[in-house]
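These are the residues of each chain, in order.
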Amino acid sequence: MKVVVCKNYEEMSVAAAKIIEEQINSKPESVMGFATGSTPVGMYTELAKDCSAGKVDFSKITAFNLDEYYPIAHSDENSYVYFMKENLFSKVNVDYSKTNIPDGEAKDAVAECEQYEKKIEKAGGIDLQILGIGKNGHIGFNEPDAKLYANTHLTSLTQSTIDANARFFESASLVPTKALTMGMATIMKAKKIVVLASGKDKKAAVSALLDDRITTDFPVSMLKMHSDVTLVCDEAAYMDL
Ligand code: PGA
């Protein structure tokens with residue numbers, strides 16, 4: 001695993017954006033896997049800046065997001081449809097018809113997950129998947145559990161994730177309790193994976209990624225079985241490990 005330790009959040013964001021730009025510049029029709037949450041926001045800002053400056057061209061990429069709350073309206077400010085539009089898609093020259101996010105408005109969640117998985121396959125698989133990590137070691141919404149799911153599925157959020165995400169809602173009781181998420185195999189099939197982590201809250205999860213054990217208690221630890229993973233983190237997430 002490649003590990004890039006940056007001084008702070010800003011440097012982490014620049015370093016991660018550079019990796020994405022290298023990917024898109026070397027293969028303009030890349031299939032990109034995007035993530036939401038606070039961690040990638042700075043990276044998306046860098047990408048928008050560099051796209052405006054003509055350093056990167058999103059027009060030919062296809063995008064698949066990791067997950068979405070369920071159920072949730074696309075227009076809801078907490079939906080990941082809204083997040084991606086606000087933070088990246090409205091600021092770069094992406095072709096909206098080639099952006100994909102699990103549908104929080106789908107009537108049949110199971111059918112939506114099956115279709116999502118097939119769409120990724122049909123696009124040729126993900127070239128580069130960006131991941132944040134939950135404090136509890138989740139990736140996407142693959143929460144710590146005795147058994148993890150392989151494919152895109154409907155899942156229940158753990159209390160730890162509901163509490164962590166409550167900051168975006170008026171109260172924790174308003175955080176959706178379910179989500180649609182790529183599964184562990186969906187993520188592991190990506191050709192390259194870039195994991196972002198910032199701040200001391202992520203230390204335990206980063207440590208579970210870097211030690212020599214694999215456990216479903218920290219789903220992120222399973223990335224050790226992938227041959228092309230880069231961790232880009234800041235010193236606060238890495239220090240004293
Ligand atoms: P965060 O979330 O970037 O908001 O910390 C990461 C995650 O839950 O995957």
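Preceding block: the structure.
Residues numbered from 1 in each chain as written. Predicted model: local features only at pLDDT ≥ 70, side-chain atom pairs only at ≥ 80, totals over all residues. Heavy atoms only, no water.

(A) Representation of the pairing of strand E3 (residues 62–65) within the structure. Neither face of E3 is open: one carries Thr 62 and Phe 64, the other Ala 63 and Asn 65, and all of them are buried. Handedness of the β-α-β unit built from strand E2 (residues 31–34), helix H2 (residues 41–52) and E3 comes out right-handed. (Buried < 20%, exposed > 50% of the residue type's maximum accessible area, 1.4 Å probe, protein only. Helix = DSSP H or I, 4+ residues; strand = E, 2+ residues; numbered from the N terminus. Right-handed = clockwise from strand over helix to strand, strands pointing away.)

(B) How the structure looks around the pattern of salt bridges. For the structure on display, the rule yields eight salt bridges. Close ionic contact of Glu 46 with Lys 49 constitutes a salt bridge, the shortest N to O distance being 3.2 Å. Residue Glu 46 and its partner Lys 49 are located together in helix H2, separated by three residues, close to a single helical turn. According to the relative accessible area criterion, Glu 46 is buried, its value standing at 15%. Within the structure, one salt-bridge network assembled from shared partners comprises Lys 27, Asp 127 and Lys 191. (Salt bridge = Lys/Arg side-chain N within 4 Å of Asp/Glu carboxyl O.)

(C) Highlighting the sheet that holds strand E9 (residues 192–197). In space, the seven strands of this open sheet follow the order E1-E10-E9-E6-E2-E3-E5, with parallel pairing throughout. On the outer flanks of this sheet lie strand E1 (2–6) and strand E5 (99–100), each paired with one strand and no other. In this structure, E1 lies alongside strand E10 (residues 229–234), joined through five bridges in parallel fashion. Within E10, the residue paired with Val 5 across the bridge is Cys 233. Strand contacts of helix H4 (residues 109–122): E3 and E5, with the helix running at about 145° to E3, the strand carrying the most contacts. (Pairing = 2+ DSSP bridges. Contact = heavy atoms within 4.5 Å. Axes fitted to C-alpha atoms, helices over the stretch in contact; angles between N-to-C directions.)

(D) Focus on the site of the ligand. Taken together, Gly 37, Ser 38, Thr 39, Gly 132, Ile 133, Gly 134, His 138, Arg 167 and Lys 202 are the residues near the ligand. The side chain of Thr 39 places a nitrogen or oxygen atom 2.4 Å from an oxygen atom of the ligand. Lys 202 has a polar side-chain atom sitting 2.6 Å from an oxygen atom of the ligand. Calculation on the ligand without its partners gives an accessible area of 280 Å², and the protein chains cover 83% of this total. (Near = heavy atom within 4 Å. Polar contact = N/O pair within 3.5 Å; in protein donor to acceptor, adjacent residues only side chain to side chain. Areas by Shrake-Rupley, 256 points an atom, 1.4 Å probe, with all protein chains shown as cover.)

(E) Layout of the layout of surface pockets. Space inside the largest pocket adds up to approximately 690 Å³. If you go around the largest pocket, you meet 37 residues; those closest to its centre are Gly 37, Ser 38, Asn 165, Arg 167 and Phe 168. Taken together, the elements giving at least two residues each to the lining of the largest pocket come down to strand E4 (67–70), helix H3 (80–87) and helix H5 (159–165). For the lining of the largest pocket, the element with the highest residue contribution is H3, accounting for five residues. Across the lining of the largest pocket, the residue classes tally to 14 nonpolar, 16 polar and seven charged. Reported here for the second largest pocket is a volume of approximately 150 Å³. In this structure, the second largest pocket is lined by Lys 2, Ile 19, Glu 22, Gln 23, Ser 26, Leu 128, Lys 192, Ile 193, Val 194, Asp 228 and Thr 230. Elements represented by at least two residues in the lining of the second largest pocket include exactly helix H1 (9–26) and E9. When residues of the lining of the second largest pocket are assigned to their parent elements, the largest contribution, four residues, is made by H1. In terms of residue class, the lining of the second largest pocket is built from four nonpolar, three polar and four charged. (1 Å grid on protein atoms, 1.4 Å probe; cavity = no way out; pocket = protein on both sides within 12 Å on 5 of 7 lines; lining within 4 Å. Points joined across faces, edges and corners; volume = space filled by probe spheres on them. Nonpolar A, V, L, I, M, F, W, Y, C, P; charged D, E, K, R; others polar.)

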